[in-house]
Structure formats: C-alpha cells, structure tokens
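Tertiary structure, described
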Amino acid sequence: QKEVEQNSGPLSVPEGAIASLNCTYSDRGSQSFFWYRQYSGKSPELIMFIYSNGDKEDGRFTAQLNKASQYVSLLIRDSQPSDSATYLCAVGGQGAQKLVFGQGTRLTINP
Amino acid sequence: DTAVSQTPKYLVTQMGNDKSIKCEQNLGHDTMYWYKQDSKKFLKIMFSYNNKELIINETVPNRFSPKSPDKAHLNLHINSLELGDSAVYFCASSQDQGAGNTIYFGEGSWLTVV
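First, a word on scope: everything that follows refers to the structure included in this document. All residue numbers refer to positions counted from 1 along the written sequence of the respective chain. Written order decides the labels, with chains lettered from A and ligands numbered from 1. Two thresholds apply to this predicted model, a pLDDT of at least 70 for residue-level local features and 80 or more for giving and counting side-chain atom pairs, whereas whole-chain, interface and lining totals are computed over all residues. To get the side-chain values, take all heavy atoms of the structure and skip hydrogens and water.

**Description of the state of the cysteines**
Here, the word disulfide means a covalent bond between the sulfur atoms of two cysteines. Disulfides are defined as pairs of cysteine sulfur atoms found within 2.5 Å of each other. Scanning the entire structure with this criterion turns up 2 disulfides over all chains. Residue pairing for A:Cys23: its cysteine sulfur links by disulfide to A:Cys89, the two sulfurs lying 2.1 Å apart. Across the disulfide from A:Cys23 to A:Cys89, rotation about the S-S bond amounts to roughly -70°, and the bridge is consequently left-handed. With A:Cys23 in strand β3 (residues 19-25) and A:Cys89 in strand β9 (residues 85-92), this pair connects stretches of sequence that are 66 residues apart. Taken as a pair, A:Cys23 and A:Cys89 share a single burial class, namely buried. The residue that forms a disulfide with B:Cys23 is B:Cys91, at a sulfur-sulfur distance of 1.8 Å. Secondary structure elements are taken from DSSP: a helix is a run of H or I of four residues or more, a strand is a run of E of two residues or more, and numbering for both begins at the N terminus. Exposure is judged per residue with a 1.4 Å probe applied to protein chains only, and the accessible area is read against the type maximum: over 50% gives exposed, under 20% gives buried, and values in between give partly exposed.

And the structure:
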C-alpha cells in the first residue's frame, strides 16, 4: 500500500470552475500536510500547508484536512489556465522531517 | 539570488561513470535534502542532513554518497552510474528538521545515463 495516494489524472477542468484535488495517506501519526505545485520541467513550489482538521483558505486555494478519514484535499476556485500543472500532496510525520509525496495529479484548465 | 541552487542542471553521462551534483542554499537553513524524481514524477527522499549530520538515509544504494562540508552545502556523488539512475535530482532545504517545516526545492538536476 502506498503511503500517500493521489489520482494521477489527468484532471480537466474548464476555466472559471472549481478544481478539486484529493489525497489519502496511510500513517495515522502524520502531523503536517502540504500541497506543492510543479510545472513541467520545473521544481515543486509550496502552495499551502495545513496542520489542523478543517479548512484553510489562501486566496483562490482552500486546503481541507480530515485526519479521521486520513484525507486531505485542495480546492482551486476560479481556475485559470496558469493553474495547469501537477499538484503534489506531501505528508510529514513526527520527528525528523521526512515528507512523503504522492505521485501527483496532473491538472489541465481548459480555456 | 536563488535560494537553493544546484549544478549542473543537465548531465548526460555513460554507464559506469562517476558524477557529482553540487547544492548550496543561502537561506540560513539547518537542514538539507536530496530527493529523486523518476519518470513517473514520483518524488522520493534519498538523504537528509541537519547541521552537516546525516539524519535520513532512505535505502539508497551505497553508490550514492552525500557530503555536507557545511550546513549550507550538500553535494551528491554517484559512483558507477546505471541506466536506472536516470532521473531528476532535487536538492532542498528547510529551517530545521522539525516536522511541519516548509521544504524549499532547488531547480533540479536532470541526469541521463546512456
């Protein structure tokens, strides 16, 4: 069983709609949760992090965490073509920083 | 100034060769990492150093040897390169080794073994 799972996609969303990206993780002791965006040929860049159950909003992005269900999601409102990228979910545990990444979901926003 | 910089960006080499990738961060961070991203985009940690001390070594063949001369540098040396070593190698850093710290990535080094 993979430690962090994401649907690899591709996920196609029309411009202006809400894109919903999902991630599940296996380690119940996980403490920190991150969403990174990676454009083709580029390095991952942090979009959001969340530590507590519930929602966290930052501009057009909302991260949602449900530790009981071991589920974290990222919503992108008013999707733009520039949001087209691969989105990586990363989960961290206690102690030494060891982020485990999912394989990423490729998102395409269609104009 | 680039926060995490690594060189070379592209490297094409033959099987059996030895090569190194250098990494430097100017963020004043204590912890540095090497990640490998394979052709399926799966990003996996290889090593982590905190203040020049190895803290994570993730079942990586001993052909891979990291070296941290100081906390701002973490180099990766690879001996006897194999075809399966072809990947993108990302250097990264974080404030310290505590869980929850944001990890900042370098631009990646594209290694192709032929």
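What follows picks up the thread again.
**Describing the sheet that holds strand β6 (residues 54-58) of chain A**
All names here are of chain A. Only when DSSP finds a minimum of two bridges between them are two strands counted as paired. Pairing is antiparallel across the open sheet formed by 5 strands, whose spatial order is β1-β3-β8-β7-β6. This sheet does not close on itself; its edge strands, each paired only once, are β1 (4-5) and β6. In this structure, β6 lies alongside strand β7 (residues 61-66), joined through 5 bridges in antiparallel fashion. Directly across from Asp55, in β7, lies its bridge partner Gln64.

**Some details on the interface of chain B and chain A**
The contact rule is simple, with two residues in contact once any of their heavy atoms fall within 4.5 Å. In this complex, chain B contributes 23 residues to the contact, which on the side of chain A involves 22 residues. Interface of chain B and chain A: buried area, both sides summed, is about 1,800 Å²; carbon and sulfur atoms make up 57% of it. Under this definition, polar contacts are N or O atom pairs within 3.5 Å; protein pairs additionally need one hydrogen-donor-capable and one acceptor-capable atom, and for neighbouring residues in sequence, both atoms have to be side-chain atoms. Between the two partners, chain B and chain A, sit 3 residue pairs in polar contact (both at pLDDT 80 or more). Among the elements of the structure, β4 (31-37), β5 (43-50) and β6 (53-57) of chain B are those that each provide at least two residues to the side of chain B that touches chain A. It is β4(B) that provides the largest number of residues to the side of chain B that touches chain A, a total of 3 residues. Gly counts as polar in this scheme, as do all residues outside two lists: the nonpolar Ala, Val, Leu, Ile, Met, Phe, Trp, Tyr, Cys and Pro, and the charged Asp, Glu, Lys and Arg. Grouping the constituent residues of the side of chain B that touches chain A by class yields 12 nonpolar, 7 polar and 4 charged. By buried area we mean the combined loss of accessible area, with a 1.4 Å probe, across both parts when two parts are placed together.

This is a description of form; function is not addressed.
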